[in-house]
Amino acid sequence: MKQILCVIDLSESSEKVLEVAAGMANACHAHLMVLFPYRLINYGYDQDMATLKTKLETDARQKFLSIKKNLSIMDIVSSEFQPEIGFLSDRINAHVKSAKADMIIIGQRQSITANEIKGFNLQNLISHSKLPFMIVPEETGTESIII
């Protein structure tokens, strides 16, 4: 396994998802690509879209670094953080199609959100992909599901 794609939303549950993904990457000697898909929507922001994009990505990187510093395993895992504009479903699909990942790890809430977006069904992607998927639950004491 060369690269694991870990999809996070920078919420409180992202730390658990990242910890599981980093542990898997460490065990497999794989690079960890941390994907943060986001929407570029101007809700009353008075600057241009390029400035908004820069601000959102700077804020996202700072939040990621804050999460990362709480996880000592991240110090020994090769990783990179990639914010990408777009729907969660489209971004995962793009990585799967371009063979940029050997495994996908995603949090339970995001997997549910992905299923709610019109035209995309995570289960459909899982069933048509040869990649292993791991869904990390948010509840403590619940085991991750590998599909």
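Up top is the structure these notes are about.
As the structure is a computational prediction, the values presented were derived from the model and not from experiment.

Student: What exactly am I supposed to notice about the packing of aromatic side chains here?
Tutor: Any aromatic ring pair is given by two values, namely how distant the centres are and how the planes are angled relative to each other. Counted under the stated rule, the structure contains 3 aromatic pairs. Note on Phe36 and Tyr38: the rings are 5.8 Å apart at their centroids and 15 degrees apart in plane angle, and the pair reads as stacked. Note on Phe64 and Phe81: the rings are 4.5 Å apart at their centroids and 15 degrees apart in plane angle, and the pair reads as stacked. On the criterion of sequence distance, the pair formed by Phe64 in helix α2 (residues 49-69) and Phe81 in strand β3 (residues 79-85) is long-range, its members being 17 residues apart. Judged by its relative accessible area of 4%, Phe64 is buried. Clustering of aromatic rings is evident, with ring pairs tying together Phe36, Tyr38, Phe64 and Phe81. The ring of Phe87 carries Arg39 above its face, with NZ or CZ at 4.0 Å from the centroid.

Student: Just checking my understanding: could you explain empty space enclosed by the protein for this structure?
Tutor: Taking a probe equal in size to a water molecule and rolling it over the atoms shows the remaining empty space. Applying the stated criterion across every chain yields a total of 1 cavity of 30 Å³ or more. Reported here for the largest cavity is a volume of approximately 40 Å³. Lining the largest cavity are Ile8, Asp9, Ser13, Ser14, Val17, Gly107, Gln108, Arg109, Gln110, Val136 and Glu138. Those elements that provide at least two residues to the lining of the largest cavity are α1 (14-28) and α4 (108-116). Of the residues forming the lining of the largest cavity, the biggest block, 3 residues, is contributed by α4.

Student: Sorry if this is basic, but what is going on with the pairing of strand β2 (residues 31-38) here?
Tutor: Every regular strand shows the same layout, with side chains that alternate between the two sheet faces. The buried count for β2 comes to 8 of 8 residues, which makes it a mostly enclosed element. Here β2 pairs with β3 via 7 bridges, running parallel. Bridging from a neighbouring strand, Pro37 pairs with Glu84 of β3.

Student: Explanation requested: α2 in the structure shown.
Tutor: When the terminal C-alpha atoms of α2 are compared, their 30 Å separation across 21 residues agrees well with the 30 Å that a helix rising 1.5 Å per residue should span. For α2, every residue scored as buried is listed here: Leu52, Glu57, Ala60, Phe64 and Ile67. What you see down the axis of α2 is that its buried residues fit within an arc of 125 degrees, all on one side. Residues of α2 that are exposed and point more than 90 degrees away from the buried face comprise Thr54, Gln62, Leu65 and Lys69. Looking at the buried positions of α2, the neighbouring elements they touch are α1, β2 and β3. Near the N-terminus of α2, the side chain that reaches the backbone nitrogen of Ala50, with its oxygen 3.1 Å away, is that of Asp48.

Student: Is there a simple way to explain the side chain of His31 in this structure?
Tutor: With respect to the helices, strands and loops of the structure, His31 is situated in strand β2. Judged by its relative accessible area of 18%, His31 is buried. A polar atom in the side chain of His31 sits 2.6 Å from the side chain of Ser78. Among all residues touching His31, those that are not within four sequence positions of it are Lys2, Gln3, Ile4, Ser78, Ser79 and Glu80.

Student: Quick question: what am I supposed to make of the pairing of strand β1 (residues 3-7) here?
Tutor: Counting buried residues in β1 gives 5 out of 5 residues, a clear majority hidden from the surface. Burial along β1 is two-sided: Gln3, Leu5 and Val7 and Ile4 and Cys6, pointing in opposite directions, are all buried. With respect to chirality, the unit in which β1 leads through α1 into the neighbouring parallel β2 is right-handed. With 4 bridges joining them, β1 and strand β4 (residues 103-107) adopt parallel strand pairing. Its bridge partner being in β4, Leu5 is matched across the sheet by Ile104.

The rules we used
- Residues numbered from 1 in each chain as written.
- Predicted model: local features only at pLDDT ≥ 70, side-chain atom pairs only at ≥ 80, totals over all residues.
- Heavy atoms only, no water.
- Phe/Tyr/Trp six-rings, centres within 6.5 Å; stacked < 30°, edge-to-face > 60°.
- Helix = DSSP H or I, 4+ residues; strand = E, 2+ residues; numbered from the N terminus.
- Buried < 20%, exposed > 50% of the residue type's maximum accessible area, 1.4 Å probe, protein only.
- Lys NZ or Arg CZ within 6 Å of the ring centre and 35° of its normal.
- 1 Å grid on protein atoms, 1.4 Å probe; cavity = no way out; pocket = protein on both sides within 12 Å on 5 of 7 lines; lining within 4 Å.
- Points joined across faces, edges and corners; volume = space filled by probe spheres on them.
- Pairing = 2+ DSSP bridges.
- Expected span 1.5 Å × (residues − 1).
- Arc of directions from axis to C-beta.
- Contact = heavy atoms within 4.5 Å.
- Polar contact = N/O pair within 3.5 Å; in protein donor to acceptor, adjacent residues only side chain to side chain.
- Right-handed = clockwise from strand over helix to strand, strands pointing away.

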